[in-house]
Amino acid sequence: MDNNAYDDLVSRLKEIGQLDSTAALLDWDAETYMPKNGLSVRADQLALLARLSHERMTDPAIGDLIGSLDEKCDDEACETNVREIKRLYLRATKIPTRLVERIARVSTVAKESWQKAREKSHFETFKPHLAELIDLRCQVADAIGFQDERYDALLDEFEPGMTTKEVTRLFTALREPLSEFVQAVSESDAAPDASILHRSFPIETQKLWCRQMAGEIGFDFDSGRIDISTHPFCSGNAPTDVRLTTRYLENFFNSAMFGTLHEAGHGLYEQGLPIEHVFTPRGQAVSLGIHESQSRLWENLVGRSRPFWERYYPQCRIAFSEALSDVSLDQFYAAINVVNPSLIRVEADEVTYNLHIILRFEIERDLIGGKLAVGDIPEAWNDKMETLVGVRPDNDANGCLQDIHWSMGGFGYFPTYALGNLYAAQFFARARQDIPELMEQIGRGEFAPLLEWLRMKIHRHGQHYRASELVQRVSGRALSIEPFLDYVSDKFAPLYGIES
Ligand code: ZN
């Protein structure tokens, strides 16, 4: 390996990483503390950073340096960084700048028109902008190139290496058994009372409680913070500075409790990435799907488990005594795990959630593949909702206008949510094999063994392995729907008296 060329590439990568993380920090500030009049100045600052980052990434000098790397790498950090910088450089240089600028401009307008359309529940308002965005994203896909399907090129941005064919295979297999399970739940006589979660939970108490819970599972407050924002997120500035946000609703316990565990799950991944490789691919997360697996694992497989609440419910009941004094552990556990087929994705439970994603994926894939016309989205959406989840939206605000993603041109993003759930179940099943006492440990509030397992198997590798390789190495098999379906039936069949 030509060390000078490699070192030069790495220092360029690090600077690009620093620009991007500075932008992320400004973004975090805009969502948390910035006064509202700061918006236009902030937009200029962010646009400048985005331009500088893009210019550096597409600098022909990077192409020259890549070209001069002729010998083999001596270590895995080099292999990972060279592989990724080639991929990122090729991707960035293939997309014409005028297309990048056009998308940025159209997205700004489209986001506004989407907001208006959603308020009025009027798809036609959004339709022309959506049509243009789809056309632009198709041009991007064509510029990048693909082997089988155009959608592959878009999916690759969020889940590198994943293909439309593979997602279709997984989701098609998942569709029916999951829909049938939801149907069985709907027919069940079990009626958990979820209204107990809508009693009064004082916000100041919730703040202390959520902070304690994030700390219990291992989130390090010397290397991170929790603040408040309307839309919760996790912004990984560096493993030593991870920003989580959450949202407190006095009349809904789940929002902050499970939102915090979710974001803390993302945060634990960020804090576990190798600091010595910060700002380079070797020190970054694998993909959005793998990231989501970490948040879902802590939020659902740990945080909505019975052992977790056997440990923490007695304390929780004292902290929120007004709301919970007459609620037993069984009632509480059933309430936080209620399955309720509904129209809105962000309110969906563990069982129906993936069905919301399958619907979006099928529509996106057909739009990008030219098999579905933009004007036919509302009807396709409503029909699929009825088939998959068993409920039909009576207006577009509760249907195809509910999510922000398409207004930002983010086609190919949705599948990573469901992939995250599948990865999470598969990783967790393996963790239970490797740590036979895992559920007992969770019941004692001992999370260090699980966190250490995740650190060793997933976090410390950064992007060394692609998602599919990582899954194979960690679990000994390719990604499958089985661990997820087993988890769903093991947990929810007893709750709903369903024979499995
Ligand atoms: Zn997430």
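Residues numbered from 1 in each chain as written. Predicted model: local features only at pLDDT ≥ 70, side-chain atom pairs only at ≥ 80, totals over all residues. Heavy atoms only, no water.

All right, on to the pairing of strand β2 (residues 234-238) then. Judged from the four bridges that link them, β2 and strand β3 (residues 241-246) form a sheet pairing that is antiparallel. Directly across from Cys 234, in β3, lies its bridge partner Leu 244. Counting the residues that bridge the hairpin from β2 to β3 gives two residues. (Pairing = 2+ DSSP bridges. Helix = DSSP H or I, 4+ residues; strand = E, 2+ residues; numbered from the N terminus.)

A separate point is the coordination of the zinc ion. For the zinc ion, the protein coordination sphere consists of His 262 (NE2), His 266 (NE2) and Glu 292 (OE), at 2.1 to 2.2 Å. Within one chain, the residues donating to the zinc ion are spaced in sequence as H-x3-H-x25-E. One end of the pair, His 262, and the other, His 266, are both in helix α10 (residues 253-272), four residues apart, so they sit about a helical turn from each other. Judged by relative accessible area, which is 10%, His 266 ranks as buried. (Donors = N, O, S within 2.8 Å, 3.2 Å for Na, K, Ca; no water. Buried < 20%, exposed > 50% of the residue type's maximum accessible area, 1.4 Å probe, protein only.)

Before going further, it helps to spend a moment on the state of the cysteines. Simply put, the disulfide is a covalent bond whose two ends are the sulfur atoms of two cysteines. Tallied over the entire structure, the rule returns one disulfide. One disulfide in the model links Cys 73 with Cys 78; its S-S distance is 2.0 Å. Because the torsion about its S-S bond is -60 degrees, the bridge between Cys 73 and Cys 78 counts as left-handed. Judged by its relative accessible area of 18%, Cys 73 is buried. You can see Cys 138 has no disulfide; the closest cysteine sulfur is in Cys 400, sitting 18 Å from it. Of all cysteine sulfurs, the one in Cys 210 lies closest to Cys 316, which takes part in no disulfide; the gap is 9.4 Å. (Disulfide = S-S within 2.5 Å.)

Another point: the domain arrangement of the chain. Split into domains, the chain comes out as domain 1 (3-144) and domain 2 (164-496). Of the residues lining the interface, 37 residues belong to domain 1; the matching set on domain 2 comes to 38 residues. Considering only the side of domain 1, the residues that lose the most area to domain 2 are Trp 28, Trp 114 and Phe 123, jointly responsible for 18% of the buried surface there. Applying the counting criterion to the domain 1 and domain 2 interface returns two salt bridges. (Domains from an automatic or database assignment. Contact = heavy atoms within 4.5 Å. Buried area = accessible area lost by both parts, 1.4 Å probe. Salt bridge = Lys/Arg side-chain N within 4 Å of Asp/Glu carboxyl O.)

A few words now on the packing of helix α1 (residues 3-32) against helix α3 (residues 60-68). Running from N to C, α1 and α3 cross one another at 145 degrees; their axes reach a closest spacing of 9 Å. Where α1 crosses over α3, the handedness of that crossing is left-handed. Residues Ala 5, Asp 8, Leu 9, Arg 12 and Ile 16 of α1 touch α3, and the partners they reach there are Ala 61, Ile 62, Leu 65, Ile 66 and Ser 68. Here the residues of the contact of α1 with α3 sort into seven nonpolar, one polar and two charged. (Axes fitted to C-alpha atoms, helices over the stretch in contact; angles between N-to-C directions. Left-handed = near helix turned anticlockwise from the far one by under 90°. Nonpolar A, V, L, I, M, F, W, Y, C, P; charged D, E, K, R; others polar.)

Take the side chain of Arg 365 next. Its location among the elements puts Arg 365 in helix α15 (residues 350-368). Excluding residues within four positions of it along the chain, Arg 365 makes contact with Glu 149, Tyr 151, Thr 164 and Thr 168.

Right, let's get into the pattern of salt bridges. In this structure the tally under the stated criterion is 39 salt bridges. For Glu 124, the salt bridge identified is with Lys 127, shortest N-O distance 3.9 Å. Residue Glu 124 and its partner Lys 127 are both found in helix α6 (residues 123-144); the two are separated by three residues, about one turn of the helix. For Glu 124, a relative accessible area of 45% gives the class partly exposed. The exposure class assigned to Lys 127 is partly exposed, which follows from its relative accessible area of 27%. One salt bridge connects Arg 304 with Glu 299, and the closest N-O pair in it is separated by 3.1 Å. The network of salt bridges with common partners includes Arg 83, Glu 84, Arg 87, Arg 91, Arg 137, Asp 156, Glu 157 and Arg 466.

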